[in-house]
Amino acid sequence: MTAIYQALYEFISRFFSPSIITLVVTTLVYAAIPLVFILVYGLVAILGEMKISAWLQDRLGPMRTGPKGILQPIADILKLLQKEDTTPRAADRPLYRLAPWVAFIGSYAAFAALPFSVAYIGARLNTGIFYILSMGSLVVVSILLAGWGSDNKYSMIGAMRSVAQIISYEIPVALAVITVVVIAGSMDLQTITDLQAGGINNWFLLGGPKHLEGFGGSTNFVLVPVMLVAFAIYFIGSLAETNRVPFDVPEAESELVAGYHTEYSGMKFALFFLSEYASMFAVGSVASILFLGGWQSPLGDTMNGPAMGFLWFILKGLSFVFAQIWIRWTLPRFRVDQVMRICWKVLIPFGLTAVAAASVIAVAIQ
Amino acid sequence: MGYFSDITRGLSTAVKGLTVVIRHLGRRKVTRQYPEPKNEYILPERARNRLYVNMDDCIGCDKCARACPVDCIEIETVKSIPEEDLGVTTRFAKKKSLWVTKFDIDMAKCCYCSLCVWPCPTECIVMTEVFEFSEPKRENLIYHYATMDAAEAELHRQNRANYEAQANVQRAKQAADRAANAPAGPPSSTPPSSPPPSAASPWANKGPKH
Ligand code: SF4
Ligand code: SF4
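A quick note: this is a predicted structure, and the numbers were derived from the prediction, not measured.

Each value, and the rule that gives it
- Residues numbered from 1 in each chain as written.
- Chains lettered and ligands numbered in written order.
- Predicted model: local features only at pLDDT ≥ 70, side-chain atom pairs only at ≥ 80, totals over all residues.
- Heavy atoms only, no water.
- Domains from an automatic or database assignment.
- Contact = heavy atoms within 4.5 Å.
- Buried area = accessible area lost by both parts, 1.4 Å probe.
- Salt bridge = Lys/Arg side-chain N within 4 Å of Asp/Glu carboxyl O.
- Polar contact = N/O pair within 3.5 Å; in protein donor to acceptor, adjacent residues only side chain to side chain.
- Helix = DSSP H or I, 4+ residues; strand = E, 2+ residues; numbered from the N terminus.
- Nonpolar A, V, L, I, M, F, W, Y, C, P; charged D, E, K, R; others polar.
- Near = heavy atom within 4 Å.
- Expected span 1.5 Å × (residues − 1).
- Bend = angle between axes of the 7 residues up to and from the residue.
- Buried < 20%, exposed > 50% of the residue type's maximum accessible area, 1.4 Å probe, protein only.

Enquirer: How do you make sense of the domain arrangement of chain A when you look at a structure like this?
Expert: Interfaces are often sized by the accessible area lost when the parts come together. All names here are of chain A. Taken domain by domain, chain A consists of domain 1 (1–82) and domain 2 (92–364). Inter-centroid distance (C-alpha atoms) of domain 1 to domain 2 is 23 Å. If you look at the interface, domain 1 gives 21 residues, while domain 2 gives 27 residues. Buried surface at the junction of domain 1 and domain 2, summed over both partners, amounts to about 2100 Å²; 79% is from carbon and sulfur atoms. At the surface where domain 1 touches domain 2, the tally comes to one salt bridge. Inspection of the domain 1/domain 2 interface yields five residue pairs in polar contact (both at pLDDT 80 or more). Put simply, the parts of the chain that give the side of domain 1 that touches domain 2 at least two residues each are helix H2 (18–56) and helix H3 (72–82). Sorting elements by how many residues they give to the side of domain 1 that touches domain 2 places H2 first, with 18 residues. For the side of domain 1 that touches domain 2, the class distribution of residues is 16 nonpolar, four polar and one charged.

Following this line, the structure appears as structure tokens:
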């Protein structure tokens, strides 16, 4: 084996310099980690959605595939792979084909800036959170492509609704994020996580780090309600951004068949599906980074570290996914006008207030 | 409603709903995994499933077929001849006098209304508890309850035909005899009830012949 690698390396190094090879290999490995994570997590999340929804309704869920039905998502994927890949005759083919990839790339790209652990972050950008928010907006493009490309009225209406909704909800989400960014003084997610070191008490949701200069005491006391409001706004807004219930007007089954992905089948549908679940985790983990200390252990220094960081990060992200599933199987869908009303009349005023309050506190700290 | 009370109401009702739902997470599940715990499937009283006809008791009265709203019962009968004794039904001891040569129920058409069960005078068509009887072919759902094979049915049909032919000959002879014995009166003057019942109706002719 080593000999083969050696020969391969020598062959490639005839054309490229070793530093470039190292760069390419490192990049590929770094890029593969989130991809593998998304695929594995996708299976878990699909099973979770099926099982949790069943349990919440006093059902058992899938029970026949494998022990207790745990192989059901694999069976579903295999079924999707076998499905005929249809394209409507009147579809705008290039756009129609492009849409699922854009959706998946948008969700996948967001993972690049997520600090999974102190040891792993795909790309440590000093504008990390800004990058993630903008990648979230890429999903809007794909939805519009899908809706337009399908040449189907339901797809089109779904896409329109979705775009209107996501663009609207980006504002409160951004406001909630700014609230944290103003206090943390950085858009780098790793820095924001580092600030919250030292246990649950230092999480931004509970008033931020107490050990730093300026924090603690009365500042902390004022910051808690601001952060709670920002957290609530972020969470509600993220539900809307991922088109989850109760904000699922874009894919409202009872009105629009399936919204923008009505015409998609087989692998293309699977990509949309995967992208939705990846986004669910992405927004959940962003919430946990901003408010719940990211990969930091809630117990301070106990059970902290690079490996445990992964665990905490995934655990926190998954609890958000669980909450989203829980909400999905509880609440009914909003009407379109209610969706807009909640965004513009409730979340944005509150968000602005939170930003203003956070700014005042930030000035006071300095 | 006020702006803030709307918000608090919205949030509190959402939380209320979420608490109700999450309490179900650990509850006992109501799903029954159908074929597995077999004996668990105790059907409710008077459950309506596959029909069964006890042919020993069927008198071939056709009441069930006529009651059926979807016409899925087909009955063919042949009258017995006087020297055949079909016996009586085990229930209600009704005299049987028809050979049931065909008794088909198409369970594919049946709507399980149970309307055929009520009129049966001998209570021989009943709903059972059998509900697992799916078939790959639709014809297999036509249940043939008649106990006799084609040959036997043909035999009875033949017997009946012979008997009726003979009865007709008998009747013709009697009519001729009557005409010979009473030449004076015109046939039209005879009252309609005058022919002896034994001659007019083969059914009344109970005694053994030949
Ligand atoms: S149950 Fe109803 S439909 Fe079925 S055979 Fe009897 S009368 Fe006909
Ligand atoms: S009603 Fe009963 S006795 Fe009469 S034909 Fe039907 S099954 Fe036979």
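From this point on, the discussion continues.
Enquirer: Help me understand the site of ligand 2, please; the structure alone is not making it clear to me.
Expert: Taken together, the neighbourhood of ligand 2 is formed by 14 residues, with B:Cys58, B:Cys61, B:Asp62, B:Cys64 and B:Cys120 sitting nearest. Across the shell around ligand 2, the residue classes break down as ten nonpolar, two polar and two charged.

Enquirer: Honestly, the interface of chain A and chain B in this entry has me stumped. Any pointers?
Expert: The interface of chain A with chain B comprises 18 residues on the first partner and 20 residues on the second. For the pair chain A and chain B, the summed buried area comes to about 1700 Å², and 67% of that belongs to carbon and sulfur atoms. The interface formed by chain A and chain B holds one salt bridge in total. Across the pair A:Arg341 and B:Asp6 runs a salt bridge whose closest N-O atoms are separated by 3.4 Å. Across the contact surface, chain A and chain B share seven residue pairs in polar contact (both at pLDDT 80 or more). Those elements giving two or more residues to the side of chain A that touches chain B turn out to be H2, helix H11 (306–328) and helix H12 (336–365) of chain A. Tallying contributions element by element places H12(A) first for the side of chain A that touches chain B, with five residues.

Enquirer: Help me understand helix H4 (residues 93–110) of chain A in this model?
Expert: Count 3.6 residues to each turn of an α-helix, and residues three or four apart come out pointing the same way. Residue and element names in this part refer to chain A. Taking 1.5 Å of rise per residue, 18 residues should cover 26 Å, and H4 covers 27 Å from first to last C-alpha, within 8% of that figure. Its axis deflected by about 30° at Ala99, H4 carries its strongest bend there, up to four residues before the proline Pro100. Three or more residues of H4 are buried, namely Tyr96, Ala99, Pro100, Val102, Ala103, Phe104, Gly106, Ser107, Ala109 and Ala110. Against H2, helix H5 (128–149) and helix H10 (266–291) lie the buried residues of H4.

Enquirer: I keep staring at the pattern of salt bridges and nothing clicks. Help me out?
Expert: Close approach of charged atoms lets side chains of opposite charge pair. All names here are of chain A. One pass over the structure, following the stated rule, counts nine salt bridges over all chains. As a salt-bridge pair, Lys268 and Asp85 come within 3.3 Å of each other at their nearest N and O atoms. With Lys268 in helix H10 and Asp85 in the loop between H3 and H4, this pair connects stretches of sequence that are 183 residues apart.

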